[in-house]
Amino acid sequence: MQGMGDGAGEACPFEFNFDEKTFKVGDTVSYRVNGSLEGFPFVGTLVEVHEDHVLIAGDAQDSDKRYRGTRESRPQVDYSEI
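Residues numbered from 1 in each chain as written. Predicted model: local features only at pLDDT ≥ 70, side-chain atom pairs only at ≥ 80, totals over all residues. Heavy atoms only, no water.

1. Some remarks on the packing of aromatic side chains
Per the counting criterion, the structure on display carries 3 aromatic pairs. For the pair Tyr31 and Phe42, a centre-to-centre distance of 5.5 Å together with 25° between the ring planes defines the contact as stacked. Within this pair, whereas Tyr31 is found in strand E1 (residues 28-33), its partner Phe42 is found in strand E2 (residues 42-49), the two being separated by 11 residues in sequence. For Phe42, a relative accessible area of 24% translates into the label partly exposed. Between the aromatic rings of Tyr31 and Tyr67, the centroid separation amounts to 6.2 Å while the plane-to-plane angle is 45°, which identifies the pairing as tilted. With Tyr31 in strand E1 and Tyr67 in strand E4 (residues 67-70), this residue pair connects regions lying 36 residues apart in the sequence. What makes Tyr31 buried here is its relative accessible area of 2%. Clustering of aromatic rings is evident, with ring pairs tying together Tyr31, Phe42 and Tyr67. (Phe/Tyr/Trp six-rings, centres within 6.5 Å; stacked < 30°, edge-to-face > 60°. Helix = DSSP H or I, 4+ residues; strand = E, 2+ residues; numbered from the N terminus. Buried < 20%, exposed > 50% of the residue type's maximum accessible area, 1.4 Å probe, protein only.)

Below you can see the structure in the form of structure tokens.
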């Protein structure tokens, strides 16, 4: 993702997997949260991958906190999980 770094033309420091068909544990994903956080991008790591959902470690300060998200290119997490 260009323009996400500090300088002009600098690339984003994350490498995301946007292909939900190839999701695997350890992948970095960009996920969304509905409600009052709609429109803000979040970064997390997949800790479980299931046929119809994923579990995302999205809080670097709390490694036990997991968010359930939809299994799509940018998973959707319900605001009530945050």
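2. Some thoughts on the nonpolar core
Judged by nonpolar contacts, Phe23, Val29, Tyr31, Val33, Leu46, Val54, Ile56, Tyr67 and Val77 together constitute the single largest core of 9 residues. Those elements giving two or more residues to this core turn out to be E1 and strand E3 (53-57). Every residue in contact with Phe23, bar those within four places of it in the chain, is listed here: Asn17, Val29, Leu46, Val49, Val54, Arg71, Glu72, Ser73 and Pro75. (Core = buried A, V, L, I, M, F, W, Y, C linked by side-chain atoms within 4.5 Å. Contact = heavy atoms within 4.5 Å.)

3. Some words on the pattern of salt bridges
In the structure shown here, the tally under the stated rule is 2 salt bridges. Of the charged contacts, one joins Asp27 and Lys24 as a salt bridge, the two residues approaching to 2.9 Å between their closest N and O atoms. Judged by its relative accessible area of 10%, Asp27 is buried. The shortest N-O distance in the salt bridge between Glu72 and Arg32 comes to 3.3 Å. Highlighted residues: Glu72 in the loop between E4 and strand E5 (76-77) and Arg32 in strand E1, separated in sequence by 40 residues. The exposure class assigned to Glu72 is partly exposed, which follows from its relative accessible area of 32%. The exposure class of Arg32 is partly exposed, given its relative accessible area of 23%. (Salt bridge = Lys/Arg side-chain N within 4 Å of Asp/Glu carboxyl O.)

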